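Each chain, letter by letter, is given below.
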Amino acid sequence: MVPTSYYVLLSAVLFSLGVIGVLTRRNALIVFMSVEMMLNSANLALVAFAQRWQSANGQILVFFVITVAAAEVAVGLALLVTIFYSKNTTDIDEINSLKG
Amino acid sequence: MSDLTWIVILIPAFPLLGFLLNTFLIRHERPAGLIASGAVVLSFITALISIYVLQTLPEGTERIDYVLWEWITIGTLRVPFGLLFDQLTAVMTLLVTGVGGLIHIYSIGYMHGDERPVRFFAYMNLFIAAMLFLVMGDNMLLLFLGWEGVGLCSFLLIGHYFDRRSVQPGIVPSDAAVKAFVANRVGDAGMLLAMMAIFSAFGTLAFYGQNNGITGYIERAEEVAFRTIVLGPFGGVQLITAITFLMLIGVTGKSAQVPLFVWLPDAMAGPTPVSALIHAATMVTSGVYLIVRNHTLFEASPATSGWAVAIGVLTALLAATASVTQWDVKRVLAYSTISQLGYMVAAVGMGGYVAGMFHLLTHGIFKALLFLGAGSIIHGTHDTQDMRKMGGLRSAMPTTWWTYMLGAGALAGIFPLAGFWSKDDIIAHAFDVQIPLVGILLIVASLITAFYMGRQVALIFWGKQRDNTYHAHESGSAMRLPLVILGVGTVLGGLINLPGLYWLSNFLTPVLHEEAAPYTIGKGILATVVTLLALGSMYIGWYLYAVTFQSRIKAGKDDPLLYYLGDIWRGAEIGWGFDWLYQRVVVRPYRQISAFLSNVFDQQGIDGILVDGLPRLFSRLSTTLRTGQSGYIRNYAWVFFLGVIVLVGYFAIR
């Protein structure tokens, strides 16, 4: 049986990759994907701990996360489409109208 | 006979009504003058009836004290709004309404064609009402209400020509009004403190005890005779001395004594009837009235009485000398008023309350006459006030001439005019109470008085008219009638306290409890000598200016006597430099402090640091901080992640 620490380590690696993706990539779609990766790394950690403690709580929470992530993607993609309509780009560095 | 004591309410009510009518309803000169004069004349008649009521009071009642309502009740402080009418009030009321009424009638003629006659008459009525409250108040607070009221009216009437930049002789009316007001505030501060001290010492402000349980303090002066106030390192002072001295400060302000007299010469910026009414006959005498009203306190405090004598004599001398050097017809009289007030204050300081009141009454009559005469001269010479431009007016204005001569004679103390009796009374009193120095100084002052009156009548009425740019004419009947009546009063005024008869003395006995001093041969000789000296002095003054210097007086040129007296003359001309002193000691430092506060403290401190500085600080801060708002989501995400790392790190390490 694979030790729990391996799962957690994988989860941390995936999360870090997601963070790097969010912070470095300019394409909004890639950023979205990175955000999804971070969410799923958290899911992985949750199911790992659920397995470790033989508790269903973590697994139930994962379903919640997946559901919320789906909703979030729907909203996020809708926003992205609207931004693309108005700005004709998905490069987030072009979107800086909040500059003070 | 039914109880008629309520009639005393009407005395101040008439002028107050006149004031209200003239303020709110009347818009034209003629009705305003008639209503104002009528109100005061009615008030005079009421005062006469009130005296009759007072004299026919049942045995055991000494005075009318008509309490309208209880004015202020706070803890043990109970102040009634009551009108007191005793013998002292009676004579003051007669003077105020009698002379005041004549001056009102005179004003109808004098103020004809003025820009603001209705306002003038309204304020004159308000003044009479306030003055009546002053003399009729049955407690110090009501007296103070009148005291402030007359001060206010004085301010308003001095500033009657507030829109003129300058009136003769080079006074700015609005400045003069403010000066009078401010000088009086100094005295009023003393009055307020005196009232507080009276309340803390006696627990009441009422003069006499009343049926409603309010106690009076006038008859309880000896209760506090031995109490002292400890002033820390400065030792102690007797409570009674403190009270009376604070009152004396009030007197120096209102009655224009040294060192606060400087406002009165400038107060001549007002119309001449105002000078006659307020600054000669009535308001300025209220300080003397105050001392006489509180005479028991002053009797219990020899120290303050001594101060009063010193101040009075000093004032009498300084102002008399200053009067000699003036060219302006009204300024001569202004300084002469200050000098005569000095006589009164010295008299009451010596305990000669009847003598002081006597001089107050006669002076009120003949000084009003002189001022109204001066007004008639100014009117008849088309607003000429400089005596160098007059001369030879005897033939042009005969009525003014002979009434003015009567007034001048009375002021100089010539037998048998009113001023002779009253001034002689004061001088004799000084010898009675064994202060011959005061008596001699007062005689000297009276000789100077005679001199400057001789000078003044010579300059105005004798010789040739030195300025022919105007045509002098006699004034109308509305102005001549008061002159004649006051002239008769000046001749007969001495009767009210003629030695041997002592009407005034006997009349005032219930209030003052002062026995008339017996008239001795010595006093007769003294009076004869003084009046002969005064006559001589007046003749010298007249001879110098009517004959000797006749050809050397020209408009704009200095007085021939300046050549002989030099700096003494110059000193007297500026009122012995009190104005100069205040200018340097008070006005200039005050201006500098104000300039500092407005230019440095306000503009740089309040405006610069608080009003402008704080926004500038936030503006700088925001300029710096907004550079953080790049608008790039990545940057915000960085901050977000760093925050997470810090938080996680914090919880991990803890």
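Coordinates for the structure precede this section.
The rules we used
Counting from 1, residues in each chain are numbered in the order their sequence is written. Labels follow written order: the first chain is A, the first ligand is 1, and so on. Given that this is a predicted model, residues contribute local features only at a pLDDT of at least 70 and side-chain atom pairs are listed and counted only at 80 or more, while totals for whole chains, interfaces and linings are drawn from all residues. Water and hydrogen atoms were dropped before computing side-chain values, which therefore reflect all heavy atoms in the structure. Each helix is a run of H or I in the DSSP string that is no shorter than four residues. Each strand is a run of E no shorter than two, and both are numbered from the N terminus. Categorising residues by exposure relies on relative accessible area from a 1.4 Å probe, with only protein chains included: less than 20% of the type maximum marks a residue as buried, more than 50% marks it as exposed, and the intermediate range marks it as partly exposed. Residues count as neighbours in contact if any of their non-hydrogen atoms are within 4.5 Å of one another. For accessible areas, the Shrake-Rupley method is used with a probe of radius 1.4 Å. Any residue's cover is judged against the shown protein chains and nothing else. Neither His nor the chain termini are counted; the positive set is Lys and Arg, and the negative set is Asp and Glu. Charge positions are represented by NZ for Lys, CZ for Arg, CG for Asp and CD for Glu. Put simply, the radius of gyration uses C-alpha atoms, and a globule should come to 2.2 Å times the residue count raised to 0.38. Put simply, buried Ala, Val, Leu, Ile, Met, Phe, Trp, Tyr and Cys residues joined by side-chain atoms within 4.5 Å make one nonpolar core. By buried area we mean the combined loss of accessible area, with a 1.4 Å probe, across both parts when two parts are placed together. Salt bridge, as used here: a side-chain nitrogen of Lys or Arg that lies within 4 Å of a carboxyl oxygen of Asp or Glu. Under the rule applied, a polar contact is a pair of N or O atoms within 3.5 Å (in protein, one hydrogen donor and one hydrogen acceptor; residues adjacent in sequence only if both atoms are side-chain atoms). Ten residues, namely Ala, Val, Leu, Ile, Met, Phe, Trp, Tyr, Cys and Pro, are considered nonpolar, four, namely Asp, Glu, Lys and Arg, are considered charged, and the remaining ones, Gly among them, are considered polar. Centres within 6.5 Å make a pair out of two Phe, Tyr or Trp rings, where for Trp the six-membered ring is used; the pair is then stacked when the planes are under 30 degrees apart, edge-to-face when over 60, and tilted otherwise. The rule is short: NZ of Lys or CZ of Arg within 6 Å of the ring centre and within 35 degrees of the ring normal puts a charge over the ring. Strand pairing is assigned whenever DSSP detects at least two bridges linking the two strands. A helix is expected to span 1.5 Å multiplied by its residue count minus one. Between N-to-C directions, angles span 0 to 180 degrees; the directions come from axes that are lines fitted to C-alpha atoms, helices contributing only their stretch in contact. Residues enter a patch when their relative accessible area is above 30% and they make no salt bridge; the linking distance is 9 Å between like charges and 5 Å between nonpolar side chains (Val, Leu, Ile, Met, Phe, Trp, Tyr). Here the word oblique covers every angle except those under 35 degrees (roughly parallel), over 145 (roughly antiparallel) and from 65 to 115 (roughly perpendicular).

*Asks:* Where do I start with the overall build of chain B in this structure?
*Replies:* A tally of regular secondary structure across chain B gives 24 helices and four strands. Projected onto the principal axes, the alpha-carbon positions of chain B cover approximately 120 × 65 × 55 Å. Counting only residues that meet the buried cut, chain B has 56% of its 654 residues in that class. A separation of at least 24 residues holds for 77% of the contacts in chain B among residues at least 6 apart in sequence. About 27000 Å² of surface is accessible on chain B, with carbon and sulfur atoms providing 69% of the total. In chain B, 38 positive and 37 negative side-chain charges are present, and the distance between their average locations comes to 13 Å.

*Asks:* How do you make sense of the overall build of chain A when you look at a structure like this?
*Replies:* The helix and strand inventory of chain A stands at three helices and zero strands. Along the chain direction, N to C, the helices and strands of chain A fall in the order α-α-α. What you see for chain A is a C-alpha radius of gyration of 17 Å, clearly larger than the 13 Å of a compact globule of 100 residues, by over 25%. Of all 100 residues assigned to chain A, the portion counted as buried reaches 26%.

*Asks:* For this particular structure, what's the right way to read the nonpolar core?
*Replies:* In a soluble, globular protein the nonpolar side chains are often hidden away together inside. All names here are of chain B. If you look at the biggest cluster of nonpolar residues, it comprises 190 residues, and the most contacted ones within it are Met-140, Met-247, Tyr-404 and Tyr-545. Looking at this core element by element, the count peaks at 16 residues for helix H4 (residues 117-136). Contacts of Met-247, omitting those with residues within four sequence positions, involve Met-140, Ala-194, Ile-198, Tyr-217, Leu-290, Asn-294, Leu-297 and Phe-298. Val-309, Ala-346, Ile-427 and Ala-430 belong to the second largest nonpolar core, which has 16 residues in total.

*Asks:* Can you help me understand the interface of chain B and chain A in this one?
*Replies:* A common way to express how large an interface is: the accessible area buried when the components associate. Listed as interface residues are ten residues of chain B and, on the opposing side, 13 residues of chain A. Surface buried jointly by chain B and chain A totals about 1100 Å² across both partners, of which 62% is contributed by carbon and sulfur atoms. For chain B, the biggest contributors to the area lost against chain A are Tyr-632, Arg-634 and Phe-641 of chain B; these three give 52% of the whole. On the surface where chain B and chain A come into contact, there are one salt bridge. Asp-93 of chain A is the partner of Arg-634 of chain B in a salt bridge, and the nearest nitrogen-oxygen pair spans 3.2 Å. The tally of links from chain B across to chain A stands at two residue pairs in polar contact (both at pLDDT 80 or more). With five residues, helix H24 (residues 633-653) of chain B is the largest single contributor of residues to the side of chain B that touches chain A. Across the side of chain B that touches chain A, the residue classes break down as five nonpolar, three polar and two charged.

*Asks:* Please clarify how the packing of aromatic side chains should be interpreted in this entry.
*Replies:* A ring pair, where both rings are aromatic, is described by two values, the distance of the centres and the angle of the planes. Residue and element names in this part refer to chain B. All chains considered together, the criterion is met by 22 aromatic pairs over all chains. When the ring of Tyr-539 is compared with that of Trp-542, the centres are 5.7 Å apart and the planes differ by 35°; the resulting orientation is tilted. Of this pair, Tyr-539 and Trp-542 are both found in helix H20 (residues 521-548), three residues apart, which corresponds to roughly one turn of the helix. An aromatic cluster is built from Trp-401, Trp-462, Tyr-539, Trp-542 and Tyr-543, whose rings are joined through pairwise contacts. When the ring centre of Tyr-343 is taken as reference, the NZ or CZ atom of Lys-423 above it lies at 5.4 Å.

*Asks:* Help me understand the pattern of salt bridges, please; the structure alone is not making it clear to me.
*Replies:* In a structure, side chains of opposite charge can pair up when their charged atoms sit close to one another. Enumeration over the complete set of coordinates arrives at 19 salt bridges over all chains. Here Glu-219 of chain B ties to Arg-63 of chain B by a salt bridge, and the two come within 3.7 Å at their closest N and O atoms. Of the two residues, Glu-219 of chain B sits in the loop between helix H6 (173-202) and strand S3 (228-230) while Arg-63 of chain B sits in the loop between helix H2 (29-55) and strand S1 (64-74), which places them 156 residues apart along the sequence. Beyond isolated ion pairs, a larger network of salt bridges with shared partners links Arg-26, Asp-91 and Asp-93 of chain A together with Arg-634 of chain B.

*Asks:* Would you mind going over the pairing of strand S2 (residues 77-85) of chain B with me for this structure?
*Replies:* Looking along a regular strand, one sees the side chains alternate between the two faces of the sheet. For S2 of chain B, the buried fraction is high: eight of the nine residues fall into the buried class. The antiparallel pairing of S1 of chain B with S2 of chain B creates a hairpin that spans two residues between the two strands, and Gly-75 of chain B there sits at a positive phi of about 60°.

*Asks:* Sorry if this is basic, but what is going on with unusual backbone geometry here?
*Replies:* Glycine aside, residues mostly have negative phi angles, and peptide bonds mostly take the trans form. All names here are of chain B. In this chain, Val-258 is followed by Pro-259 through a cis amide linkage whose omega measures 5°. Among the secondary structure elements, Pro-259 is positioned in the loop between helix H7 (239-254) and helix H8 (263-266). Each neighbour pair has its own omega, and for Phe-415 with Pro-416 the value is 0°, a cis peptide bond. Here Pro-416 is to be found in the loop between helix H15 (398-412) and helix H16 (418-432). Residue His-382 is not a glycine yet carries a positive backbone phi of 55°. Note that His-382 resides in the loop between helix H14 (353-380) and H15. Assessed through its relative accessible area of 47%, His-382 is described here as partly exposed.

*Asks:* Looking at this structure, I do not really get the environment of Asp-424 of chain B. What am I missing?
*Replies:* Residues and elements named next belong to chain B. Within the fold, Asp-424 resides in helix H16. Among the residues examined, Asp-424 registers a relative accessible area of 8% and is labelled buried. Sequence separation between Asp-424 and Ile-443 is 19 residues; the distance between their C-alpha atoms is 9.0 Å. Those residues within four positions of Asp-424 in sequence are excluded, and the remaining contacts are Gly-419, Tyr-519 and Ala-527.

*Asks:* Help me understand H4 of chain B in this model?
*Replies:* Helical geometry: 3.6 residues make up each α-helical turn, so side chains three or four residues apart lie on a common side. With 20 residues, H4 of chain B extends 28 Å between its outermost C-alpha atoms, agreeing within 8% with the 28 Å of an ideal straight helix rising 1.5 Å per residue. Along H4 of chain B, 19 of the 20 residues are buried, which leaves the element largely enclosed by surrounding structure.

*Asks:* What is the right way to look at the packing of helix H1 (residues 4-24) of chain A against H24 of chain B in this model?
*Replies:* The packing of two helices is summarised by the inter-axis angle and the distance between the axes. Two numbers describe how H1 of chain A lies on H24 of chain B: the axes approach to 8 Å, and their chain directions differ by 145°. Each of Val-19, Val-22, Leu-23 and Thr-24 of chain A in H1 of chain A lies in contact with H24 of chain B, whose residues at this interface are Arg-634, Ala-637, Trp-638 and Phe-641 of chain B. Here the contact of H1 of chain A with H24 of chain B is composed, by residue class, of six nonpolar, one polar and one charged.

*Asks:* What is the right way to read a nonpolar patch on the surface from this model?
*Replies:* On the surface, a cluster of nonpolar side chains totalling about 800 Å² of accessible area is made up of Ile-609, Leu-610, Val-611, Leu-614, Leu-617, Phe-618, Leu-621 and Leu-625 of chain B. Among the secondary structure elements, Leu-621 of chain B is positioned in helix H23 (residues 578-626).

*Asks:* Which parts of the structure should I look at to understand the packing of helix H3 (residues 87-110) of chain B against helix H10 (residues 286-293) of chain B?
*Replies:* All names here are of chain B. Look at H3 against H10: their axes get within 11 Å of each other, and the N-to-C directions meet at 170°. Judged on the interaxial angle alone, H10 and H3 are roughly antiparallel. Seen from H3, the contacting residues are Leu-88, Thr-89 and Met-92; seen from H10, they are Tyr-289, Val-292 and Arg-293. In terms of residue class, the contact of H3 with H10 is made up of four nonpolar, one polar and one charged.

*Asks:* Is there a simple way to think about the pairing of S1 of chain B in this case?
*Replies:* When S1 of chain B meets S2 of chain B, the two strands line up antiparallel, connected through nine bridges. Each bridged residue has a counterpart across the sheet, and for Tyr-66 of chain B the counterpart in S2 of chain B is Leu-83 of chain B.

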